[in-house]
Amino acid sequence: MPADHYDVIVIGSGPGGGSLTSRLASTGKRILLLERGDYLPRSQENWSAKAVFVEGKYQAKETWYGGDGHAFHPGLHYYVGGNSKVYGAALFRMRERDFGEVRHVDGVSPAWPVSYAEFEPYYAEAERLFAVHGNRGEDPNEPWSSGPYDYPAVSHAPRIQKLSDDWRKAGLRPFHLPLGIKLDERNGRPTPTSICIRCDAFDGFPCLLNGKADAQVMTVDPTLDRHDNVTLLVNAYVSRLETDPVGRTVTGVCVTREGQEERYSADVVVVACGALCSALLLLRSANAVHPNGLANGSDQVGRNYIRHNMSVLMGLSKEVNETIFQKTLAVSDFYFGSQEWEFPMGLIQMCAKTHPDQIRGEEFPAWTEFLPNAPFDMMARHSVDFWLQSEDLPHPDNRITIGRDGRVTLNVAQNNREAHERLRLKLEELLEPGGLYSYIFERSLYLGKDIPLSGTAHQAGTLRFGTDPKASVLDPNCKAHELDNLYATDASFFPSIGAVNPTLTIIANALRVADHIERRLT
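Residues numbered from 1 in each chain as written. Predicted model: local features only at pLDDT ≥ 70, side-chain atom pairs only at ≥ 80, totals over all residues. Heavy atoms only, no water.

## Overview of the packing of helix H1 (residues 15-24) against helix H5 (residues 215-226)
At step 1: For the pair H1 and H5, the least separation of the axes is 9 Å and the interaxial angle reads 35 degrees. Considering how the two elements wind past one another, H1 and H5 form a crossing that is left-handed. Contact with H1, carried on its side by Pro15, Gly18, Ser19, Thr21 and Ser22, involves Ala215, Thr219, Val220 and Thr223 of H5 and no other residues of that element.
At step 2: Broken down by class, the residue content of the contact of H1 with H5 amounts to three nonpolar, six polar and no charged. (Axes fitted to C-alpha atoms, helices over the stretch in contact; angles between N-to-C directions. Helix = DSSP H or I, 4+ residues; strand = E, 2+ residues; numbered from the N terminus. Left-handed = near helix turned anticlockwise from the far one by under 90°. Contact = heavy atoms within 4.5 Å. Nonpolar A, V, L, I, M, F, W, Y, C, P; charged D, E, K, R; others polar.)

## Some thoughts on empty space enclosed by the protein
At step 1: Summed over the entire model, instances satisfying the criterion amount to six cavities of 30 Å³ or more.
At step 2: For the largest cavity, the calculated volume is near 90 Å³.
At step 3: What lines the largest cavity is simply Leu91, Phe92, Arg93, Arg95, Gly134, Asn135, Asp139, Glu142, Tyr149, Phe175, His176 and Pro178.
At step 4: Here the residues of the lining of the largest cavity sort into five nonpolar, three polar and four charged. (1 Å grid on protein atoms, 1.4 Å probe; cavity = no way out; pocket = protein on both sides within 12 Å on 5 of 7 lines; lining within 4 Å. Points joined across faces, edges and corners; volume = space filled by probe spheres on them.)

## As for the confidence of the model for the chain
If pLDDT is low for a region, its predicted coordinates should not be looked at in detail.
At step 1: Confidence in the prediction of the chain, expressed as mean pLDDT, is 91, and 91% of residues score 70 or more.
At step 2: Per-residue pLDDT stays below 50 along residues 365-373; that stretch engages in 16 contacts with residues further than four places along the chain or on separate chains.
At step 3: Per-residue pLDDT stays below 50 along residues 446-451; that stretch engages in 27 contacts with residues further than four places along the chain or on separate chains. (pLDDT = per-residue confidence, 0-100.)

## Observations concerning the state of the cysteines
At step 1: Within the structure shown, the criterion is met by zero disulfides.
At step 2: We note that cysteine 196 lacks a disulfide partner, and the nearest cysteine sulfur, in cysteine 199, lies 6.4 Å from it.
At step 3: For cysteine 196, a relative accessible area of 7% puts it in the buried group.
At step 4: Cysteine 277 supplies the cysteine sulfur nearest to cysteine 273, a cysteine that is in no disulfide, at a spacing of 6.6 Å.
At step 5: On the basis of relative accessible area, cysteine 273 is assigned to the partly exposed category, the value being 27%. (Disulfide = S-S within 2.5 Å. Buried < 20%, exposed > 50% of the residue type's maximum accessible area, 1.4 Å probe, protein only.)

## Quick look at the pattern of salt bridges
At step 1: Per the stated rule, a full pass over the model turns up 29 salt bridges.
At step 2: A salt bridge links lysine 162 to aspartate 166, with the shortest nitrogen-to-oxygen separation between them at 3.1 Å. One end of the pair is lysine 162 and the other is aspartate 166, both in helix H4 (residues 158-169) and four residues apart, which spans about a single turn.
At step 3: Classification of lysine 162 as partly exposed rests on a relative accessible area of 36%.
At step 4: Taken together, the shared-partner salt bridges connect Arg93, Glu120, Glu127, Arg136 and Glu142 into one network. (Salt bridge = Lys/Arg side-chain N within 4 Å of Asp/Glu carboxyl O.)

## Quick look at the nonpolar core
At step 1: In terms of nonpolar packing, the biggest core is built from 111 residues, with Ile11, Leu34, Leu241, Leu486 and Phe494 touching the most fellow members.
At step 2: Excluding its chain neighbours within four sequence positions, the residues that come into contact with leucine 486 are Leu241, Val250, Val269, Val271, Leu282, Leu294, Cys478, Lys479 and Ala480.
At step 3: Trp167, Phe334, Met350 and Phe386 belong to the second largest nonpolar core, which has 22 residues in total. (Core = buried A, V, L, I, M, F, W, Y, C linked by side-chain atoms within 4.5 Å.)

## Section: the packing of H1 against helix H10 (residues 503-521)
At step 1: It is at 8 Å that the axes of H1 and H10 come closest, and there the two elements cross at 40 degrees. One finds that H1 runs oblique with respect to H10. The chirality of how H1 crosses H10 is right-handed. Touching Pro15, Gly16, Ser19, Leu20, Arg23 and Leu24 of H1 are Thr503, Ile506, Ile507, Ala510, Leu511, Val513, Ala514, Asp515, Ile517 and Glu518, all from H10.
At step 2: Here the contact of H1 with H10 is composed, by residue class, of 10 nonpolar, three polar and three charged. (Parallel < 35°, antiparallel > 145°, perpendicular 65-115°, else oblique.)

## So, unusual backbone geometry
At step 1: One non-glycine residue, alanine 131, lies in positive phi territory at about 50 degrees.
At step 2: Here alanine 131 lies in the loop between helix H3 (116-129) and strand S7 (132-133).
At step 3: A positive phi angle, near 60 degrees, is found at aspartate 299, a position not held by glycine.
At step 4: With respect to the element layout, aspartate 299 can be found in the loop between helix H6 (275-284) and strand S16 (309-317).
At step 5: Judged by its relative accessible area of 34%, aspartate 299 falls in the partly exposed class.

## Some words on the pairing of strand S15 (residues 260-271)
At step 1: For strand S1 (residues 5-11) and S15, the ladder comprises six bridges, and the chain directions are parallel. Each residue of the ladder has a partner; that of isoleucine 11, found in S15, is valine 271.
At step 2: Judged from the five bridges that link them, strand S14 (residues 250-257) and S15 form a sheet pairing that is antiparallel. What sits directly across from cysteine 254, in S15, is arginine 263.
At step 3: As judged from the three bridges shared by S15 and strand S23 (residues 486-488), these two strands associate in the parallel manner. Each residue of the ladder has a partner; that of valine 270, found in S23, is tyrosine 487. (Pairing = 2+ DSSP bridges.)

What follows is the structure, encoded as structure tokens:
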């Protein structure tokens, strides 16, 4: 067998690729993991709000175009661990109802071809793999589970605990965010040996201490340490996939590395580049048998791109907020609607504390009624910060394409915005009774100021799975309908996205698909 042939090639080392690789490693099969980037450098700038948010230091240096022709820099991160290097590590299970058809004010969120019951054991495994901390039974919309979390929920800081208590008195059911984190704490403080120190550079930052449960820390590095049958190649950009003459089998993975062209092959090829980049790879791989792109006889590759409708909101309180680690609280009472409105609205959760450098990059009106001429650091001290997300509905014209000249176009028409605006109004209503929050403003500066948050965060769709080859790209096992050995395990398989963070579902599905591939290989 030639040295460039493997049992499995996995393209992408994020949560989908890393989790599948870690699961298959114990089979002893020869596995090649390809990552277009390198390890993210560990430096003090990992904790710099100016470097991370204002300058977009770790963001991909690429230019894409919107459907109206405007240029933007996508919020992508090409490193070992993928976009999870800068994610907020909120690891939710999708609600059981999310797996079925859900009616929204703007349309219908389609049902999945598999049930929550099939995913449940893999959700449990994913929570163990990524060290999720949480409390079962607090979240009123949490689906049923086969057991408790292995780790207790991350405790609230005093100011956030007061907010939780106030909301509970108002009749809501706030709960601790399920977080993937390498934290040991006692009485609300990290122990002397805890990797995470509950600093203010967690949500959206690379973790300098590797205390965030990202794909590099939890899957890639431990797998490489334990299994000699797994090889990682970094700075390995996969330009295209080749097939046999009849177009049924991927026979070659073409890689550009250190200025040289290399070619590898495998019995099974798994694409896990992220929903957008996985679609681009298949489109770049067009050939005589697949003239519109690999696995694209249905013309569905790149279509039905979905991402949440999202807002990062900064509330200014008359009280100083001394909280350092703020991302611990969420409210899902309006996830599927309210007494006043029958349609789903979405999820409210805390996000990281606003830094002065982030405020400095924003444009705000003159609203300093109780903080006249306030410097940015004082405004940050008075901020309480929220992340709101509502479901984005799939539409075939929301899609990513690539021209013959290599120009990438991401066409996105927003929908279901009324649900998001109603969720925002709900948050404002929740903050009014205490009289502590005088202003709520939306922050656009997140992971690079040249692109709004809604651009590429929580990317999903583009290669959705289903039972009908005419309406989907992948089958229920996430194998391409048109190819015998091609799979996808990033969020591209999502036919709908619900309103919770997608990463735990990506991990769970990767473990599910790994089981299928293991049976195939043996």
